[in-house]
Amino acid sequence: LAKTTQPISMDSYEGQEVNITCSHNNIATNDYITWYQQFPSQGPRFIIQGYKTKVTNEVASLFIPADRKSSTLSLPRVSLSDTAVYYCLVGSASGGSYIPTFGRGTSLIVHP
Amino acid sequence: GAGVSQSPSNKVTEKGKDVELRCDPISGHTALYWYRQRLGQGLEFLIYFQGNSAPDKSGLPSDRFSAERTGESVSTLTIQRTQQEDSAVYLCASSLAPLDNEQFFGPGTRLTVL
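Residues numbered from 1 in each chain as written. Chains lettered and ligands numbered in written order. Predicted model: local features only at pLDDT ≥ 70, side-chain atom pairs only at ≥ 80, totals over all residues. Heavy atoms only, no water.

> Is there a simple way to explain the overall build of chain B in this structure?
Each helix and strand in chain B was counted, giving zero helices and 10 strands. In chain B, the succession of α and β elements from N to C terminus is β-β-β-β-β-β-β-β-β-β. Computed over its C-alpha atoms, the radius of gyration of chain B comes to 13 Å, within 12% of the 13 Å expected for a compact globule of 114 residues. The dimensions of chain B, computed from C-alpha atoms along their principal axes, are 35 × 25 × 25 Å. Looking at the 114 residues of chain B, the share that counts as buried comes to 49%. Of the contacts formed within chain B by residues at least 6 apart in sequence, a portion of 57% connects residues at least 24 apart. If you sum the accessible surface of chain B, you get close to 5,300 Å²; carbon and sulfur atoms cover 46% of it. Between the mean site of the 11 positive side-chain charges and the mean site of the 13 negative ones, chain B shows a separation of 7 Å. (Helix = DSSP H or I, 4+ residues; strand = E, 2+ residues; numbered from the N terminus. Rg over C-alpha atoms; globule rule 2.2 N^0.38 Å. Buried < 20%, exposed > 50% of the residue type's maximum accessible area, 1.4 Å probe, protein only. Contact = heavy atoms within 4.5 Å. Areas by Shrake-Rupley, 256 points an atom, 1.4 Å probe, with all protein chains shown as cover. Lys, Arg positive; Asp, Glu negative; His and termini not counted. Charge placed at Lys NZ, Arg CZ, Asp CG, Glu CD.)

Below you can see the structure in the form of structure tokens.
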């Protein structure tokens, strides 16, 4: 099963770019990498998903190197409302089954 | 359309009692997932359903935990003889297709076992 590792916490300031890296050394060939955002007392919310290289949407970019053993979520020009916990998810398919493995999450605090 | 809904939103029970948690996925989503999140912790995968079949139940913490799903709709997670360590938020998610990492989460059920 793929195991994911993320920094426990990060601090930033409004307007800065934030990069959060997740390690997933045992990622399987068919696994996609997905990032979620979670606010207190809410369920996680999908941010972005990718397989390799770079993916960009209206809120974030996701960088995945060729070996796919890590991924970096990039949040451009963060604001106070980006303060949340960010999780990376790698789906592990094994023997016809599927076990999604979330990282333990990175708590991002954005300061004024 | 409506998102994933869960009920109850909060449940307080006494140790040893059974509880049943309900999840209504997004209509048309074939896959449904249950997670547990302890206070200040990450998400712990419990089980997933592909239609009404659960291919892998190894994520359930003990035999006190069981889950079922009716067709491709509502699912219930049952915890028998609850223990204090069962206290957590139980999150349900659904996705359009199995093995799809774009999951849509409900607000969760906060379970407190006294």
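> Explain the overall build of chain A here, please?
A count of helices and strands for chain A gives zero helices and 10 strands. Relative to a compact globule of 112 residues, whose C-alpha radius of gyration would be 13 Å, chain A shows 14 Å and is just as compact. The dimensions of chain A, computed from C-alpha atoms along their principal axes, are 50 × 30 × 20 Å. Partitioning the contacts of chain A with sequence separation of at least 6, the portion at a separation of at least 24 is 55%. Put simply, chain A shows about 5,600 Å² of open surface, and 51% of that area lies on carbon and sulfur atoms.

> Just to check I follow, could you spell out the sheet that holds strand β7 (residues 75-79) of chain B for this structure?
Within a beta sheet, neighbouring strands are joined by backbone hydrogen bonds and run either parallel or antiparallel to one another. Residues and elements named next belong to chain B. Taken together, the four strands give an open sheet; going across it, the order is β1-β3-β7-β6, and neighbouring strands pair in antiparallel fashion. At either margin of the open sheet sits one strand with a lone partner, and together these are β1 (5-7) and β6 (65-69). Across the sheet, the axes of successive neighbouring strands diverge by a mean angle of 15°, strand direction being ignored. Across five bridges, strand β3 (residues 19-24) lies against β7 in antiparallel orientation. Bridge pairing links Arg22 to Thr76 in β7. (Pairing = 2+ DSSP bridges. Axes fitted to C-alpha atoms, helices over the stretch in contact; angles between N-to-C directions.)

> Before we go on, may I ask you to explain unusual backbone geometry in this structure?
In terms of backbone geometry, most residues other than glycine have negative phi values and most peptide bonds are trans. With omega at -10°, the peptide bond leading from Ser7 of chain B into Pro8 of chain B counts as cis. Mapped onto the elements of the fold, Pro8 of chain B is located in the loop between β1 and β2 (10-13). The backbone of Arg68 of chain A sits at a positive phi, close to 60°, despite the residue not being glycine. By the secondary structure assignment, Arg68 of chain A is in the loop between β6 (61-64) and β7 (70-75). In this structure, Arg77 of chain A is a non-glycine residue whose phi angle is positive, near 45°.

> Is there a simple way to think about the nonpolar core in this case?
Here is a general trend for soluble globular proteins: nonpolar side chains tend to be buried in one another's company. Among the nonpolar cores identified, the biggest contains 21 residues, and Trp34, Leu46, Ile47, Phe49, Leu77 and Tyr90 of chain B are the most heavily contacted of them. Elements that contribute at least two residues to this core include exactly β3, β4 (31-37), β5 (44-50), β6, β7, β8 (88-95) and β10 (109-113) of chain B. Those residues in contact with Phe49 of chain B, other than ones at most four positions away along the chain, are Thr30, Ala31, Leu32, Trp34, Ala54, Ala67, Glu68, Arg69 and Ser75 of chain B. Cys22, Trp35, Ala60 and Tyr86 of chain A belong to the second-largest nonpolar core, a separate cluster that totals 20 residues. (Core = buried A, V, L, I, M, F, W, Y, C linked by side-chain atoms within 4.5 Å.)

> Hey, could you run me through the pairing of β6 of chain A in this one?
Every other side chain in a regular strand lies on the same face of the sheet, so the side chains alternate between the two faces. All names here are of chain A. Bridge count for strand β5 (residues 53-56) against β6 is four bridges, and the pairing is antiparallel. Bridging from a neighbouring strand, Thr56 pairs with Ser61 of β6. Count of turn residues in the β5/β6 antiparallel hairpin: four residues. Relative to β7, β6 runs antiparallel, the two being bridged by three bridges. Looking at the pairing, Phe63 lines up with Thr72 of β7. The antiparallel pairing of β6 with β7 creates a hairpin that spans five residues between the two strands, and Arg68 there sits at a positive phi of about 60°.

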